[in-house]
Amino acid sequence: MTGPPPSGGKALAEIIAERRRKAELLQQAGTPAWGVDFSPSLTCAQAAEQAPGEPEQLGDEARVAGRILRLRSSGGIAFADCSDASGTLQLLASRDDPENDLVDQLAELDLGDIVGAEGRLTRTRRGEPSLRLVRLTLLAKSLRPPAAKTRGLVNVEQRYRRRYLDLLSDPSQREIFRQRTEVIRALRRALDERSYLEVETPVLQPIPGGGAARPFRTHYHSLDSDLYLRIAVELYLKRLLVGGFERVYEIGRTFRNEGLSPRHSPEFTLLEAYQAYADLGSMKELCQDLVAAAAAAAPLADGVQTEQGAISLEPPFPSQTMSQLVHQLTGLDLDLLWEKPERMVEEAGRLSVEVAADASSGTVLYAIYEQLVEPNLSGPLFVTDFPVEVSPLARLGPDPRFVERFELVVAGRELANAFAELNDPIDQRRRLQEQARLRSAGDFDSQPFDEDFVEALEHGMPPAGGIGIGVDRLVMLVTGAQSIRDVILFPTLRPQSGEGQVGEEAQSPSAP
RNA sequence: GCCGCCAUGGCGCAGUGGUAGCGCAGGGGCCUUUUAAGCCCAGGGUCGCAGGUUCGAAUCCUGCUGGCGGCACCA
């Protein structure tokens, strides 16, 4: 035996050794255990469908390929359940057939082996569609025992760390990720149909702007400069509006150096779309259409469930201002209090909402909304009129205390965020300078100043609407997933000891 | 980062102070239509890691590692 010692205990080592021995015996007999080509003529599901209607009747010839999930043998007859992406088909070998050695061949397979099977379609006495074998080809010997024969993997850590085991032992897990892809396709289709142009902007950015979040930092050796993984794509897409594109969007991975939770992943998929000459109402319509398209792409049997019960994602969604929502919950007369931020701070304290003693009225309003209102909103609901203090990139509304912005809230969570984009370069410069001031005062979540972006605005950006949608959360919603890790194939986990010690890649002499 | 819960053969689990068991998987055997097939036999474990308490620790205590949940940060 060569190769690395198998991980795990003695029993596992013995199982692996036994399987390797089988593979070697086969190879010595001239039967390769890996690397053989095989072209199926039907999927397992198609073959099952084409099986003859009557028991023990022989039908068409067929070739299928798949993984052996279960084996049963009964003296002179052997059965195997063969599974491919489409479903499962039973394989059958009988001593009564001329190829009676197939009974032993089939029985000697191990669970997890991948085979190509050729024979005639039939149906057993109990009515099970089956392939009566005339030839069996081993395509890939499995050296490790299957994690789970019937139920899927239960151990959550294993499911995330070794997702392939989760996927192969539980078809419903594969279905979730297939639906994820369908949702993203539906989003693309909806935007493409509206003449949006899909673009790609830098993931590595010298100045990480466009959102309030702490970035990941990395270093590019060739230019000997620090770069940041993007926290948003906003500032680049707006530059494209300056450049004359009128409808652009990007769906891509975005990175935020923040805590992990069932709703937060350090890398997540963000959709951002910008449309020149669009007002906030148009963005609401776009938002509704995108959410409805996503829901239609992954239809749940029992509808979309939230902690507050079943909800409909059928447009149109209602709107309410943040001030209305806070007033309804607390009874506070915000107009009366607004000029006295210290009174607002007091009221917040009374409501057990913690804010800085010198917080402005807008900041306090937002804090009360976030902590007391948003978590209890079932939605879907557009929350509008955000305080200017928490919206440095949005255009002022008719009431200059607020900006033209909405968030779509579903199940107590922010699903989308949109605003009428600020295109006043003088105001934008002032607001970004304020952000930069906060940042240098130690607030890592505030945005650094981006001179090039402001300069782009100085060339003139058309008035525009913009929207951002958290795609992972949208997928969670429409698939009923409870954790964001359940909709990310390989979620970020702490490296196990021994991992995460890659060393300095720049030392590699073969680095390009 | 803080708090709580969890970690027992490959997988799923039982075992709350007396030295570890069950089902599946794996090995040997029986069985000519099975469906998570069935039946018989024999295996497989330093109970996550390291200390401590005790005559005796899977079990109690401490630390560490990893996971989950909550808080904080945020989408």
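Enquirer: Explanation requested: the overall build of chain A in the structure shown.
Expert: Helices and strands together make up the secondary structure of chain A, namely 15 helices and 18 strands. Scaling as 2.2 N^0.38, a compact globule of 512 residues should have a C-alpha radius of gyration of about 24 Å, whereas chain A reaches 30 Å, well beyond that. In terms of principal-axis extent, the alpha carbons of chain A reach across some 95 × 60 × 50 Å. When each of the 512 residues of chain A is scored for burial, the buried share is 45%. Sequence-distant contacts, at least 24 apart, represent 65% of the contacts inside chain A between residues at least 6 apart. On chain A, roughly 25,900 Å² of surface is accessible, and the fraction owed to carbon and sulfur atoms is 50%. For chain A, the distance from the average site of its 56 positive side-chain charges to the average site of its 76 negative ones is 7 Å.

Enquirer: Quick question: what am I supposed to make of unusual backbone geometry here?
Expert: Backbone phi values are negative for most residues with the exception of glycine, while trans is the configuration of most peptide bonds. With an omega of 0°, the peptide bond running from Pro315 to Pro316 counts as cis. Phi at Ser195 takes a positive value of approximately 65°, unusual for a residue other than glycine. Here Ser195 lies in the loop between helix H6 (171-193) and strand E6 (197-198). Its identity is not glycine, yet Asp385 carries a phi of approximately 60°, on the positive side. You can see Asp385 is positioned in strand E15 (residues 381-387).

Enquirer: Got a minute to help me understand the packing of H6 against helix H15 (residues 471-479) in this structure?
Expert: Each packed pair of helices is defined by two parameters, the angle between the axes and the distance between the axes. Where H6 meets H15, the axes come as close as 10 Å, and the angle between the chain directions of the two elements is 120°. Looking at the two axes, H6 sits oblique to H15. Where H6 crosses over H15, the handedness of that crossing is right-handed. Between H6 and H15, the residues in contact are Ile176, Gln179, Arg180, Val183, Ile184 and Leu187 and Val471, Asp472, Leu474, Val475, Val478 and Thr479, respectively. Partitioning the contact of H6 with H15 into residue classes produces 8 nonpolar, 2 polar and 2 charged.

Enquirer: Looking at this structure, how should I read the environment of Val471?
Expert: Here Val471 shows up in helix H15. Given a relative accessible area of 0%, Val471 falls into the buried group. For the pair Val471 and Gln435, spaced 36 residues apart in the sequence, the C-alpha separation amounts to 27 Å.

Enquirer: Is there a simple way to think about the packing of aromatic side chains in this case?
Expert: The description of an aromatic ring pair uses the distance of the two centres, along with the angle that the planes make with each other. Scanning the entire structure with this criterion turns up 5 aromatic pairs. Plain terms: the ring middles of Tyr366 and Phe386 are 6.1 Å apart, the flat faces sit at 50° to each other, and that makes the pair tilted. On the criterion of sequence distance, the pair formed by Tyr366 in helix H12 (residues 361-373) and Phe386 in strand E15 is long-range, its members being 20 residues apart. Here the aromatic rings of Phe382 and Phe406 are separated by 4.7 Å at their centres, their planes lie at 70°, and the arrangement is edge-to-face. Taken together, the residues span a long stretch of sequence, with Phe382 in strand E15 and Phe406 in strand E16 (residues 402-410) at a distance of 24 residues. The exposure classification of Phe382 matches that of Phe406, with both residues buried. Put simply, the rings of Phe317, Phe382 and Phe406 pair up and form one aromatic cluster. Here Arg239 stacks its cationic end above the ring of Tyr236, 4.7 Å away from the centre of that ring. Over the face of the ring belonging to Trp338 we find Arg401, whose NZ or CZ atom lies 4.8 Å from the ring centre.

Enquirer: For this particular structure, what's the right way to read the protein's contact with RNA strand B?
Expert: Around RNA strand B, the structure places 55 residues, and the nearest of them are Thr124, Arg126, Glu157, His264 and Arg473. Here RNA strand B approaches the protein such that, of its atoms within 4 Å, sugar and phosphate make up 65%. Between RNA strand B and the protein, one listed contact pairs a sugar or linking oxygen with a backbone N or O atom of Ser74 at 3.2 Å. The separation between a sugar or linking oxygen of RNA strand B and a polar side-chain atom of Glu414 is 3.2 Å. Among the elements of the structure, helix H1 (10-28), strand E1 (58-73), strand E2 (77-84) and helix H4 (156-161) are those that each provide at least two residues to the surface near RNA strand B. Here the element with the most residues in the surface near RNA strand B is H1; it accounts for 6 residues.

Enquirer: So what exactly am I meant to see when it comes to the nonpolar core here?
Expert: Most often, soluble globular proteins have nonpolar side chains that are buried together. Grouped together as the largest cluster of nonpolar side chains are 45 residues, with contacts concentrated most on Leu187, Leu271, Leu313, Leu408 and Ile467. Looking at this core, the elements with two or more residues in it are H6, strand E10 (247-255), strand E11 (267-276), helix H8 (280-297), E16, strand E17 (413-420), strand E18 (464-470) and H15. Considering every element that reaches this core, the biggest residue donor is H8, with 8 residues. In this structure, Met344, Val364, Ile368 and Val383 belong to the second largest nonpolar core, which totals 43 residues.

Enquirer: Can you walk me through the sheet that holds strand E7 (residues 204-205) in this structure?
Expert: Where strands meet in a sheet, backbone hydrogen bonds hold them as pairs that are either parallel or antiparallel. Ordered in space as E7-E9-E8, the 3 strands form an open sheet in which the pairing is antiparallel. Edge positions in the sheet fall to E7 and strand E8 (217-220), since each has one partner strand and no second. As paired elements, E7 and strand E9 (residues 225-229) share 2 bridges and run antiparallel to each other. Bridging from a neighbouring strand, Gln205 pairs with Tyr228 of E9.

Enquirer: Explain the pairing of E18 here, please?
Expert: Side-chain direction in a regular strand flips from residue to residue, so the side chains alternate between the two faces of the sheet. Here E18 lies mainly inside the structure; 7 of its 7 residues are buried. What you see with E18 is no split at all: Ala464, Gly466, Gly468 and Gly470 on one side and Gly465, Ile467 and Ile469 on the other are buried throughout. As defined by bridge partners, E11 adjoins E18 across 7 bridges and the pair is classed as antiparallel. By the bridge assignment, Tyr274 is partnered in E18 with Gly466. Both E17 and E18 contribute to a ladder of 5 bridges, which runs antiparallel. Bridge pairing links Ala420 to Gly465 in E18.

Enquirer: Sorry if this is basic, but what is going on with helix H14 (residues 451-458) here?
Expert: Because each turn of an α-helix spans 3.6 residues, side chains separated by three or four positions end up pointing in the same direction. Of all the residues in H14, the buried ones are Phe453, Val454, Ala456 and Leu457. Along H14, the residues classed as buried sweep out an arc of 155° about the axis, all on the same side. As for H14, its buried residues are in contact with helix H7 (234-242) and helix H13 (425-440). Of the residues that open H14, the one with a side-chain oxygen 3.3 Å from the backbone nitrogen of Asp452 is Asp450. Positive phi appears at Gly460, one or two residues downstream of H14, with a value of about 105°.

What counts and how
- Residues numbered from 1 in each chain as written.
- Chains lettered and ligands numbered in written order.
- Predicted model: local features only at pLDDT ≥ 70, side-chain atom pairs only at ≥ 80, totals over all residues.
- Heavy atoms only, no water.
- Helix = DSSP H or I, 4+ residues; strand = E, 2+ residues; numbered from the N terminus.
- Rg over C-alpha atoms; globule rule 2.2 N^0.38 Å.
- Buried < 20%, exposed > 50% of the residue type's maximum accessible area, 1.4 Å probe, protein only.
- Contact = heavy atoms within 4.5 Å.
- Areas by Shrake-Rupley, 256 points an atom, 1.4 Å probe, with all protein chains shown as cover.
- Lys, Arg positive; Asp, Glu negative; His and termini not counted.
- Charge placed at Lys NZ, Arg CZ, Asp CG, Glu CD.
- Axes fitted to C-alpha atoms, helices over the stretch in contact; angles between N-to-C directions.
- Parallel < 35°, antiparallel > 145°, perpendicular 65-115°, else oblique.
- Left-handed = near helix turned anticlockwise from the far one by under 90°.
- Nonpolar A, V, L, I, M, F, W, Y, C, P; charged D, E, K, R; others polar.
- Phe/Tyr/Trp six-rings, centres within 6.5 Å; stacked < 30°, edge-to-face > 60°.
- Lys NZ or Arg CZ within 6 Å of the ring centre and 35° of its normal.
- Near = heavy atom within 4 Å.
- Polar contact = N/O pair within 3.5 Å; in protein donor to acceptor, adjacent residues only side chain to side chain.
- Core = buried A, V, L, I, M, F, W, Y, C linked by side-chain atoms within 4.5 Å.
- Pairing = 2+ DSSP bridges.
- Arc of directions from axis to C-beta.

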